[in-house]
Each structure stands twice: as structure tokens, then as C-alpha cells.
Amino acid sequence: MPSIVIVGTQWGDEGKGKIVDYLSERSDFIVRSQGGSNAGHTIVVDNVSYKLRLLPSGILYKDKICVIGNGVVINPKVFLEEIKGMNDKGIDTSNLRISSRAHILFPYHILLDEYQEKMLGDNKIGTTKNGIGPCYMDKMSRMGIRVQDLIDDEMFQKKLKVNVETKNVLIERVYNESPLDYNDILNEYREYALKLKPYTVDTAYLINDALDNGKKVLFEGAQATMLDIDHGTYPFVTSSNPTAAGACTGTGVGPLKIDNIIGVVKAYATRVGEGPFPTELDNEIGEYIRERAQEYGTVTGRIRRCGWLDLSVVKYAGYINSLKYLAITRLDILDTLDTIKLCVGYKHNDALLKEYPANLEMLKNVTPIYEEFEGWKTDISEIRNYDELPKNAKVYLKRIEEVTNVSVGIVSVGAAREATITCATDLF
Ligand code: GDP
Ligand code: IMO
Ligand code: MG
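So, a few notes on the structure that sits alongside this text. (Residues numbered from 1 in each chain as written. Chains lettered and ligands numbered in written order. Predicted model: local features only at pLDDT ≥ 70, side-chain atom pairs only at ≥ 80, totals over all residues. Heavy atoms only, no water.)

**Points about the overall build of the chain**
For step 1, the next point in the chain: The helix and strand inventory of the chain stands at 13 helices and 20 strands.
For step 2, the next point in the chain: Taken over C-alpha atoms, the radius of gyration comes to 21 Å for the chain, in line with the 22 Å a tight globule of 428 residues would show.
For step 3, the next point in the chain: Viewed in the frame of its principal axes, the chain has a C-alpha envelope of about 65 × 50 × 40 Å.
For step 4, the next point in the chain: Within the chain, buried positions represent 57% of all 428 residues.
For step 5, the next point in the chain: Summarising the internal contacts of the chain: among those between residues at least 6 apart in sequence, 76% fall at separations of at least 24.
For step 6, the next point in the chain: Total accessible area computed for the chain in this model is approximately 18,200 Å², and 48% of it derives from carbon and sulfur atoms. (Helix = DSSP H or I, 4+ residues; strand = E, 2+ residues; numbered from the N terminus. Rg over C-alpha atoms; globule rule 2.2 N^0.38 Å. Buried < 20%, exposed > 50% of the residue type's maximum accessible area, 1.4 Å probe, protein only. Contact = heavy atoms within 4.5 Å. Areas by Shrake-Rupley, 256 points an atom, 1.4 Å probe, with all protein chains shown as cover.)

This is the structure in C-alpha cells:
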């Protein structure tokens, strides 16, 4: 199995970083394909916690090649700060490559993100205000500036000029705010260009050649299925395709080269920002889970809304991503609960829904169908073997498999790399 895609099945923060770091040991290449610094992936190794936003979660392994693919939007300031942070911790980042076709994020993207959210008022999306939407808007409207354009100074000047001029019209006339200075951005980004250039290649060739030569490639998803611009709870989504197909478009690798797809599922559910969340626990149980699990956003520090695991969502993610396995994370967080609820479907006006609703008004008004499970009331954080898990934990996992029709391939019982149980032999 030379290639594997890791995707989030819920609303992000499922523990993708932890699973990617765990599987990186068996990989030669670890590749990010979409999103940008809106992502926050936490990895814990030898009691040290690493928070990654743009760098792939394989970065801690010295001998692996980490790639930022064409589908990612790169804020060079965040990127260079992250590299510095890693180097300061003694982590070598010389094996990092970025795609010449990836788009660059500029200060006007961040401002426009903020202004749009402000203008939307009560209808805001609750973005991370990292400028992600406006940067992808420029990409799609063919106004964007790619890494390739940034490192070609003549091209860069031309493209930046047009962009600053048009953005300033928007900023001044629509949002009533102060214009940006072309020269300030030019000077700042020229410095970045020099620093980014050594990392730059056409990564589609790099990855395809690696796969053709039998190397093992892991594609790391950011965000998640329900935040997908096409398949998520639109408009409360991000501006890219975090679903499995995004790994192909975002790196230049065809679907036939993907061998395995794993969906990461948090053992309960969380959501940051606005948007429907049918199993949300706006009560003391939700509060308890939040505090026990420290569910606060890595990028923005916002509270993560907490709720019961929603299998309507995971089942849907199974279809959309062609999931072969599930990686269940944070099961240990449920250790102390007397009773655990699992949503196995939705009802709307007393009718059972067969499909995940595209109609957001309907989604806001669905009634989750819950099954109740007895808690295991045992500390499972030291368990490393599936058979040793308490009976009630296995019952819970079995039911997840039954409802989603996808097998559990990995169970994570702690943030640390070693707190992982592998239950499938053909993962990667
Ligand atoms: P990502 O965005 O999907 O990579 O997830 P985040 O890193 O934003 O959030 C997941 C959080 O859960 C991080 O703080 C991880 O260190 C932590 N984590 C991951 N797996 C486990 C687990 O099995 N148990 C516990 N207790 N923490 C975990
Ligand atoms: P990781 O990779 C959780 C959410 C934001 C907001 C919506 C749009 O750590 O799982 P954006 O800034 O992308 O325009 O915001 O998407 N969001 C995430 N939520 N985890 C993430 O990434 C997220 N990236 C974006 O909170 O609701
Ligand atoms: Mg995260």
C-alpha cells in the first residue's frame, strides 16, 4: 500500500496531526494538499507538544520529505515563523518542499476576511480570519499570485500592482477602510521570496516520481468533510476541498495512485465557528467534555463546541471519501462518563432521513436519534492492544463500525505518539 490519504470526517480537530505523525514513521513523503494556516495540528512526542499550521505533520522525522502541495494557500510569514519555531526546537526542516503552483496569501486577504465577517454580522461564518476564503477567491478568479510568480520579481511586481489596486477599491469603497500601500507589501514579500525560493519545486513531479519508484506517500488532510466547500454544511465551511479527492487535485496525483483512505473520527464531536451542529451539548456534559479534553482552538483560542458523536456525519464522510478505515481518536476522553450517547441517524418531522441534508434549514431542525451506551469507567490511556480494551469500549467501537459500514483501523487513547492501537494489518 504505497499511498494513503488521511481526512477529517467531522468539523476538524479530530486528531489528524496525531494520526499523521504516527503513520509518518512508515512513510517516505508526507504531503499537505489544501487549506492553509487555518489548520492547527497538534503532535505530542516525548512530552513535547508541537503545533503545526502549514508544515506537514511528518516534519518531526528527520529522514522524511515533507511537501506543501499546489492546493495549499501559503502565508509566508506564518510559514517562515513555523520553520524558525521548529529549528529553535532542534527540528531540521531542510527536507521541506513547496509547490511552485501553490498560492500566496497576502495582508489584503486577511483584512478582507475580517471585513466580510464584520459586514455579515449575525450571519458570519466564524472563520479563523486567516484570509483563507479571499485567497482562494483570488485563485478561482485567476487574480492569485503563486509561489512561482512571487519568486519572479518582474512578474511579482506586475501582479501585485493589479491586486493592490483592485483590493484597495474594495477596501475603501465597499468596506470604508484605509487602503494598503503597494510598496510596503512589495518590500515585505520580496524578502519572503528570497527565503521561499530554496524550498520551491514543481511538487507534482516530485510526488509522482516518488510513487513510481515505490516510495510511500502519505497525504495529510486539513479541516474536514463537513467543512468541505462542496460537501460540507455550506456556507459554514472552509474554502477548499478537505475531502479525499482534494488530495489529488491539491498535489497533481491521479486517483488511481491512491491505495487507502482513512477517516479520522473523534470519539465525540466538536465544531469551531458558526453553523449547524445537531448533536451539540449546550449543557454541563458538553462543558465537562470541553474541560476534560481542553477543547480550545489551536489557531484562534476560541472554545470548541462539543457534542455526542454523530454517525450520520461519519457515514456521510464514508461515502464522500470512500473511506476504507476509521481512526478513532480521543476515546480516553470518554473514560469517566457513566453513559455515552451515539447519534445513529436523524429524524425530520418524524420521518427518518436517508441522506445528509443539503438544506441547512432542515439540518437545523433535525432530531438526532440516539442510542445509549454504558460507559467503561476505566482508564484506557495505557492500553496498546485492542483485545485489552474494556468490553463497553469495544461495544461502542463495534456499533460505530456497524452503523458506518467502515472498519476501525486505528484507536487512539492519548495525545502521545505511542498511545495508539493499530487494529488493521493493511493500513499502509
Ligand atoms: P487536528 O486538527 O485534526 O490535527 O486535531 P487538533 O490537533 O487540532 O486537535 C486534537 C487534539 O487532541 C490535540 O490536542 C491532540 O494532541 C489531541 N489528541 C489526539 N489524539 C488524542 C487521543 O487519542 N487522546 C487524547 N487525550 N488527546 C488526543
Ligand atoms: P484543522 O486542520 C476546525 C473552520 C472555522 C470556520 C470555518 C471557515 O485543525 O482540523 P476559514 O478560516 O477556513 O475560512 O474558516 O472553518 N475551520 C476549522 N475548524 N479545524 C480546522 O482545521 C479548521 N479550519 C477552518 O472555524 O468555522
Ligand atoms: Mg486542529
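**Quick word on the sheet that holds strand 19 (residues 407-412)**
Through backbone hydrogen bonds, the strands of a sheet pair up, either in parallel or in antiparallel fashion.
For step 1, the next point in the chain: On the basis of which strands lie adjacent, the open sheet formed by 10 strands has the order 9-7-5-2-10-1-11-15-19-20 and mixed pairing. Two strands bound the open sheet, and with one partner strand each, they are strand 9 (200-201) and strand 20 (420-422).
For step 2, the next point in the chain: When strand 11 (residues 260-266) meets strand 15 (residues 325-329), the two strands line up parallel, connected through five bridges. Note that in strand 15 the partner of Val265 across the bridge is Ile328. (Pairing = 2+ DSSP bridges.)

**Regarding the packing of helix 11 (residues 311-321) against helix 13 (residues 391-404)**
For step 1, the next point in the chain: Between helix 11 and helix 13, whose axes approach to 9 Å, the crossing angle comes to 55 degrees. On the basis of the axis angle, helix 11 is oblique to helix 13. Considering how the two elements wind past one another, helix 11 and helix 13 form a crossing that is right-handed. For the pair helix 11 and helix 13, the contacting residues are Leu311, Val314 and Lys315 in the first and Arg399, Ile400, Val403 and Thr404 in the second.
For step 2, the next point in the chain: Of the residues belonging to the contact of helix 11 with helix 13, the class tally is four nonpolar, one polar and two charged. (Axes fitted to C-alpha atoms, helices over the stretch in contact; angles between N-to-C directions. Parallel < 35°, antiparallel > 145°, perpendicular 65-115°, else oblique. Left-handed = near helix turned anticlockwise from the far one by under 90°. Nonpolar A, V, L, I, M, F, W, Y, C, P; charged D, E, K, R; others polar.)

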